[in-house]
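Residue-level structural notes
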2 protein chains.
Amino acid sequence: MMTITGLDATDIEILKLLQKDALLTNKEISFKLRKSIATIHERIRRLKEQGYINRVVALLDRTKIDKSLIAFSQVLLNGHTANTLYQFEQEVVKFPEVMECFQMTGTFDFLLRIATRDMDAYHHFYRNKLATLPNITSIQSFFVLSETKSDTAYPL
Amino acid sequence: MMTITGLDATDIEILKLLQKDALLTNKEISFKLRKSIATIHERIRRLKEQGYINRVVALLDRTKIDKSLIAFSQVLLNGHTANTLYQFEQEVVKFPEVMECFQMTGTFDFLLRIATRDMDAYHHFYRNKLATLPNITSIQSFFVLSETKSDTAYPL
DNA sequence: GTTGAAAGACCTAGTGA
DNA sequence: TCACTAGGTCTTTCAAC
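Residues numbered from 1 in each chain as written. Chains lettered and ligands numbered in written order. Predicted model: local features only at pLDDT ≥ 70, side-chain atom pairs only at ≥ 80, totals over all residues. Heavy atoms only, no water.

**Here we look at the domain arrangement of chain A**
Often, the extent of an interface is quoted as the loss of accessible area on bringing the components together. If you check the domain split of chain A, you get domain 1 (1-59) and domain 2 (63-143). Put simply, the middle of domain 1 of chain A and the middle of domain 2 of chain A, counted by C-alpha atoms, are 35 Å apart. (Domains from an automatic or database assignment.)

Next up, the structure:
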């Protein structure tokens, strides 16, 4: 097994479990890993304190909350000064439709993950919000047809 | 405010809060929304039962668990029969490095989100796992330089 | 749908081994 | 690391509005 600096096998197992289901009680985890509740409690406290666990969130069913369309949009800017990049980032993260924004290597500068109700709503976002930002050379959009796998858990 | 079938303003506010921080107690939520604890408890029970809340997970700091490199890889297959698509999906989701797999519209078939330790590990995954799957015409990989925004919360 | 109250489960910190 | 303890907090249920 790949080891991670500062973590032993018990820590790894705890992280694996909590990545899948953070509602597990210390009692349940202690039973699964055959350790005492006090041990599990202390481990989790340390994992949070040291920043291994960032936060705990609820994941929603996007089809039930009217966000049925996910787009990945590749954005190319017409300049790569620190200021141009910074300004784009500052503005694009303000849009609630933008769930993720990554600066990327390769043939475009930013990759955005955008959630909207439908194609009409995406079109509106595109024309009235995204495309109005300065210094954009091109935006290329790809749409999710189906989710085959959708994990927030990292392989451990 | 955009309304969602079956949810009132209180439900929406609860979902907003839990998407950001699922460790909020019913007590804290009831205080924020000026409702009784029992009401909040009943609403959350219903939201889970009806599938609005899929699950609750811990999000880890990927730099601390040795998954510093995130790649987005665009895969194009050399055939689009139902069987070819299905076989690719069946195999690719088995790789633990693949966190997300989407079938897409446009100039490629699948978009993969891949987490590895570093470029060496990605290379190994690419050569020994991904590229060995049948019916692949091309794989184009893009790497994350920096995360400007990284949300799991949908806009509500 | 909402409420307050009551009982039970769990968390958390402490001790000593 | 563990077992045990005890106090405090939260969850969960329920009768009543």
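Having seen the model, we can carry on.
**As for the protein's contact with DNA strand D**
Close contacts around DNA strand D come from K35(A), S36(A), T39(A), R43(A), T25(B), N26(B), K27(B) and H41(B), and that covers them all. The share of sugar and phosphate among atoms of DNA strand D within 4 Å of the protein is 89%. Interatomic distance of 2.5 Å between a side-chain N/O atom of R43(A) and a phosphate oxygen of DNA strand D. Looking at the surface near DNA strand D, the elements with two or more residues in it are helix 3 (37-49) of chain A together with helix 2 (26-33) of chain B. (Near = heavy atom within 4 Å. Polar contact = N/O pair within 3.5 Å; in protein donor to acceptor, adjacent residues only side chain to side chain. Helix = DSSP H or I, 4+ residues; strand = E, 2+ residues; numbered from the N terminus.)

**Description of the protein's contact with DNA strand C**
Within the structure, DNA strand C sits among T25(A), N26(A), K27(A), H41(A), S36(B), A38(B), T39(B) and R43(B). Backbone atoms, meaning sugar and phosphate, make up 88% of the atoms of DNA strand C lying within 4 Å of the protein. Contact distances for DNA strand C include 3.4 Å between a phosphate oxygen and a side-chain N or O atom of H41(A). The side chain of S36(B) places a nitrogen or oxygen atom 2.8 Å from a phosphate oxygen of DNA strand C. Taken together, the elements giving at least two residues each to the surface near DNA strand C come down to helix 2 (26-33) of chain A together with helix 3 (37-49) of chain B. Ranked by residue count, the leading element in the surface near DNA strand C is helix 3 of chain B, at 3 residues. Split into classes, the residues belonging to the surface near DNA strand C amount to 1 nonpolar, 5 polar and 2 charged. (Nonpolar A, V, L, I, M, F, W, Y, C, P; charged D, E, K, R; others polar.)

**Quick notes on the interface of chain B and chain A**
Every contact between the two is made by 66 residues of chain B and, on the other side, 66 residues of chain A. For the pair chain B and chain A, the summed buried surface comes to about 6,600 Å²; carbon and sulfur atoms form 60% of the total. At the junction of chain B and chain A, the tally comes to 2 salt bridges. Between E100(B) and R113(A) there is a salt bridge, and its shortest N-O distance comes to 3.0 Å. Scanning the region where chain B abuts chain A turns up 37 residue pairs in polar contact (both at pLDDT 80 or more). Only helix 1 (9-20), strand 1 (53-60), strand 2 (69-77), strand 3 (98-104), strand 4 (110-116) and strand 5 (136-150) of chain B provide two or more residues apiece to the side of chain B that touches chain A. Looking at the side of chain B that touches chain A, the element that brings in the most residues is strand 5 of chain B, giving 9 residues. Here the side of chain B that touches chain A is built from residues that sort into 36 nonpolar, 13 polar and 17 charged. When strand 1 (residues 53-60) of chain A meets strand 1 of chain B, the two strands line up antiparallel, connected through 7 bridges. Paired with A58(A) across the bridge in strand 1 of chain B is V56(B). (Contact = heavy atoms within 4.5 Å. Buried area = accessible area lost by both parts, 1.4 Å probe. Salt bridge = Lys/Arg side-chain N within 4 Å of Asp/Glu carboxyl O. Pairing = 2+ DSSP bridges.)

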